[in-house]
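Coordinates in review
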Amino acid sequence: QQQVKQSPQSLIVQKGGISIINCAYENTAFDYFPWYQQFPGKGPALLIAIRPDVSEKKEGRFTISFNKSAKQFSLHIMDSQPGDSATYFCAAPRSNDYKLSFGAGTTVTVRA
Amino acid sequence: DAGVTQSPTHLIKTRGQQVTLRCSPKSGHDTVSWYQQALGQGPQFIFQYYEEEERQRGNFPDRFSGHQFPNYSSELNVNALLLGDSALYLCASSFSSSNQPQHFGDGTRLSIL
């Protein structure tokens, strides 16, 4: 039972460009929506998270946009840098459910 | 402020053996979750421990078991290892509430020969 669908599977962006990753969820009872960044050989690092009562949250070059009616949330990476090249996962925990359901991941490659 | 630490970083075992992986949560966290991440996939939830008890379990067989100690650290045990158990095993810690973000360690890479 896939609760979170993530797209695209991979993307390539030029340095300075904008990377956009989208996630759609099926359940309405999520407490928050975190995004994780994972480099090869490392664990997922919490990048940014948003609660469903907020439509947008920005931290530096990273912005989460949340569309409750469409059941979608997205990650925007502004001014993409080569150091942003990594795999990004969206995730969602349901209320009173302790596990994180992850999307399939998006591999971002930033070309210099 | 130490983050989530896991040991060992790498491990090689053969089929049928047993393995124990260890995790120390982030300072101040009391809840530990374990995930399995196969190559090229997202992490899959194994189980979560809180107050030294298994609070929730994912779709993993009984060969996977765990323990949480009074200092909140945790162990993951896998018996009768199969080739398919080869994966990155991740530990995540959080506060007890379900709506708090989970923080991950760098995992243990387990290879089964």
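Here's a quick rundown of the structure.

Rules of the game
- Residues numbered from 1 in each chain as written.
- Chains lettered and ligands numbered in written order.
- Predicted model: local features only at pLDDT ≥ 70, side-chain atom pairs only at ≥ 80, totals over all residues.
- Heavy atoms only, no water.
- Helix = DSSP H or I, 4+ residues; strand = E, 2+ residues; numbered from the N terminus.
- Buried < 20%, exposed > 50% of the residue type's maximum accessible area, 1.4 Å probe, protein only.
- Polar contact = N/O pair within 3.5 Å; in protein donor to acceptor, adjacent residues only side chain to side chain.
- Contact = heavy atoms within 4.5 Å.
- Phe/Tyr/Trp six-rings, centres within 6.5 Å; stacked < 30°, edge-to-face > 60°.

What follows deals with the side chain of N77 of chain B. Residues and elements named next belong to chain B. Summarising the element assignment, N77 is placed in strand β8 (residues 74–78). Residue class for N77 comes out buried when judged on its relative accessible area of 14%. Here the side chain of N77 touches T20 through a polar contact of 2.7 Å, side chain to side chain. Setting aside chain neighbours within four positions, we find N77 in contact with Q18, V19, T20, R63, F64, S65 and G66.

Turning our attention to the packing of aromatic side chains. For any pair of aromatic rings, the description rests on two quantities: the centre-to-centre distance and the angle between the ring planes. Tallying each qualifying case throughout the model produces 16 aromatic pairs over all chains. The interplanar angle of 40° and the centroid separation of 5.0 Å between the aromatic rings of Y25 of chain A and F33 of chain A together place this pair among those described as tilted. The same class applies to Y25 of chain A as to F33 of chain A, namely buried. Between F102 of chain A and F104 of chain B the ring centres are 5.9 Å apart and the planes differ by 70°, which places this aromatic pair in the edge-to-face class. With F102 of chain A in strand β10 (residues 101–102) and F104 of chain B in strand β10 (residues 103–104), this residue pair bridges two chains. For the residue pair F102 of chain A and F104 of chain B, the accessibility class agrees, reading buried in each case. Taken together, the aromatic side chains of Y36, F89 and F102 of chain A together with Y35, F45 and F104 of chain B make up a single cluster linked through ring pairs.

Before going further, it helps to examine unusual backbone geometry. The linkage connecting S7 of chain A with the following residue, P8 of chain A, adopts the cis geometry, with an omega of -5°. With respect to the helices and strands, the residue P8 of chain A is situated in the loop between β1 (4–7) and β2 (10–14). In the segment running from S7 of chain B into P8 of chain B, the intervening peptide bond is cis, with an omega of -10°. Looking at where P8 of chain B falls in the secondary structure, it is placed in the loop between β1 (5–7) and β2 (10–13). The backbone of Y72 of chain B sits at a positive phi, close to 80°, despite the residue not being glycine. Looking at the element boundaries, Y72 of chain B is found in the loop between β7 (64–68) and β8. Looking at Y72 of chain B, the relative accessible area reads 41%, which means it is partly exposed.

Just geometry here; none of it tells us what the structure is for.
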